[in-house]
Amino acid sequence: MTGQIAVVTGGGRGIGKSIAEALAKKSINLVIVGTNYEVAAETSFNLQRLGIKSIAVKADVSNSSDVKNLFDTTLNEFGRVDILVNNAGITRDALIIRMKDEDWDKVININLKGTFLCCKEAVKIMMKQKYGRIINISSIVGFMGNIGQANYSASKAGIAGLTKSIAKEYANRGITVNAVAPGFITTAMTETIPDNIKNEMLRAIPMSRFGTPDDVANAVVFLASPDAGYITGQILHVNGGMYM
Ligand code: NAP
């Protein structure tokens, strides 16, 4: 994997940052993507200390011209894209009767349409290379559902269908497309969940601990590696046994 090029959306912080670090430790060069350029740039700068090339690109994954610019910039800088990790994601939680239309649209647009737009641009490049690895970050709630997360659960279930369809379309072009579905992972996204809910979730995890961003990163690195070359269209659940 040495010298390969990976694009990690939302790579500046949280799970995406751990994924970027784990790929960098495999000597993979990185494109760190986010809407907050300063955060992406800081992570990118720190990754260069691991001896790889890394750039930050400001892009909103739900905006098709931003996504086109992201892949044009990547091609100009590195000439290819070996790995795409669609990790950017947001939540806008509310019970469905109180869920605002704009919160439905925003979550679907960033989590699901953003994954679609990045896959579309990456596949065009990967087809020419006859090689590529796409890993989409889904979620346990896309499979179990969750109170207050109709928009988020739908976006993450949608990612599973999207992943399987693209996997079938390009399996004979050397491109594998898989998803990782994390359970409860400790990051900024989950920090706001009230303690009583967190304790309830902990009781539902057979391994009796929340996951770490590194737990997710390790699964992504495996799916991005040559060892996973015969695996496509799969959802790898990383959840301590919470859903099986
Ligand atoms: P996080 O700490 O909130 O980070 C979210 C990342 O997404 C940030 O880097 C953010 O960068 C980026 N992002 C948000 N909107 C974007 C946009 N429109 N365009 C480009 N980048 C955007 O979240 P996390 O917990 O690390 O979650 C990462 C992924 O794992 C998400 O897809 C999430 O749904 C999934 N997941 C998380 C958990 C969990 O328990 N934490 C469980 C299951 C799945 P900017 O702020 O720079 O835009």
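Residues numbered from 1 in each chain as written. Predicted model: local features only at pLDDT ≥ 70, side-chain atom pairs only at ≥ 80, totals over all residues. Heavy atoms only, no water.

**Some words on the site of the ligand**
Note the threshold: Whether a residue is near a molecule or strand depends on its heavy atoms: if one lies within 4 Å, it is near. Pairing of N or O atoms within 3.5 Å defines a polar contact, subject to two protein rules: one partner must be a possible hydrogen donor and the other a possible acceptor, and residues neighboring in sequence count only if both atoms are side-chain atoms. Per-residue and other accessible areas follow the Shrake-Rupley method at a 1.4 Å probe size, with only the shown protein chains counted as cover for residues. Labels follow the DSSP assignment, with helices taken as runs of H or I lasting at least four residues and strands as runs of E lasting at least two, numbered in each case from the N terminus. Here the nonpolar group is Ala, Val, Leu, Ile, Met, Phe, Trp, Tyr, Cys and Pro; Asp, Glu, Lys and Arg are the charged ones; every other residue, Gly included, is treated as polar.
In the vicinity of the ligand there are 28 residues, among which Thr 35, Asn 87, Tyr 152, Ile 185 and Thr 187 approach most closely. Contact between the ligand and Arg 13: an oxygen atom at 2.9 Å from a side-chain N or O atom of the residue. At 3.0 Å, a backbone N or O of Val 61 approaches a nitrogen atom of the ligand. Against a free-state accessible area of 880 Å², the protein chains account for coverage of 93% of the ligand. For the shell around the ligand, the element with the most residues is helix 7 (residues 188-191), which contributes 3 residues. Its residues assigned to classes, the shell around the ligand shows 13 nonpolar, 12 polar and 3 charged.

**Re the environment of Gln 48**
Test applied: To sort residues, take the accessible area from a 1.4 Å probe on protein chains only and compare it with the maximum for the residue type: under 20% means buried, over 50% means exposed, and anything in between is partly exposed.
Of note, Gln 48 is situated in helix 2 (residues 37-48). For Gln 48, a relative accessible area of 36% translates into the label partly exposed. Distance from Gln 48 to Thr 2, taken between C-alpha atoms, is 14 Å for residues 46 residues apart in sequence.

**Focus on the nonpolar core**
Defined as follows: In this text, buried Ala, Val, Leu, Ile, Met, Phe, Trp, Tyr and Cys residues form a nonpolar core when linked through side-chain atoms within 4.5 Å. For this analysis, residues touch if any pair of their heavy atoms sits within 4.5 Å.
Residues Val 7, Val 31, Leu 70, Phe 71, Leu 84 and Ile 134 are the most contacted members of the largest nonpolar core, which totals 40 residues. Put simply, the parts of the chain that give this core at least two residues each are strand 1 (5-9), strand 2 (29-34), strand 3 (54-58), helix 3 (64-78), helix 4 (101-129), helix 6 (150-170) and strand 6 (175-182). Excluding anything up to four places from it in sequence, Val 31 contacts Ala 6, Val 7, Val 8, Ile 55, Val 57, Leu 70, Thr 74 and Phe 78. Grouped together as the second largest cluster of nonpolar side chains are 30 residues, Leu 30, Ile 32, Ile 83 and Val 85 included.

**Details of the packing of helix 4 against helix 6**
Counted only if it meets this: Between N-to-C directions, angles span 0 to 180 degrees; the directions come from axes that are lines fitted to C-alpha atoms, helices contributing only their stretch in contact. For this classification, under 35 degrees means roughly parallel, over 145 means roughly antiparallel, 65 to 115 means roughly perpendicular, and everything else is oblique. Less than a right angle of anticlockwise turn of the near helix away from the far helix marks a crossing as left-handed, whereas a clockwise turn marks it as right-handed.
Here helix 4 crosses helix 6 at 15°, and the two axes come no closer than 8 Å. As summarised for this structure, helix 4 and helix 6 are arranged roughly parallel, according to the angle between their axes. For the pair helix 4 and helix 6, the crossing hand works out as right-handed. Facing Asp 103, Trp 104, Val 107, Ile 108, Asn 111, Leu 112, Thr 115, Phe 116, Cys 119, Val 123 and Met 127 of helix 4, the residues of helix 6 in contact are Ala 150, Asn 151, Tyr 152, Ala 154, Ser 155, Lys 156, Gly 158, Ile 159, Leu 162, Ile 166 and Tyr 170. Residue composition of the contact of helix 4 with helix 6, grouped by class: 15 nonpolar, 5 polar and 2 charged.

Keep in mind these values describe shape, not function.
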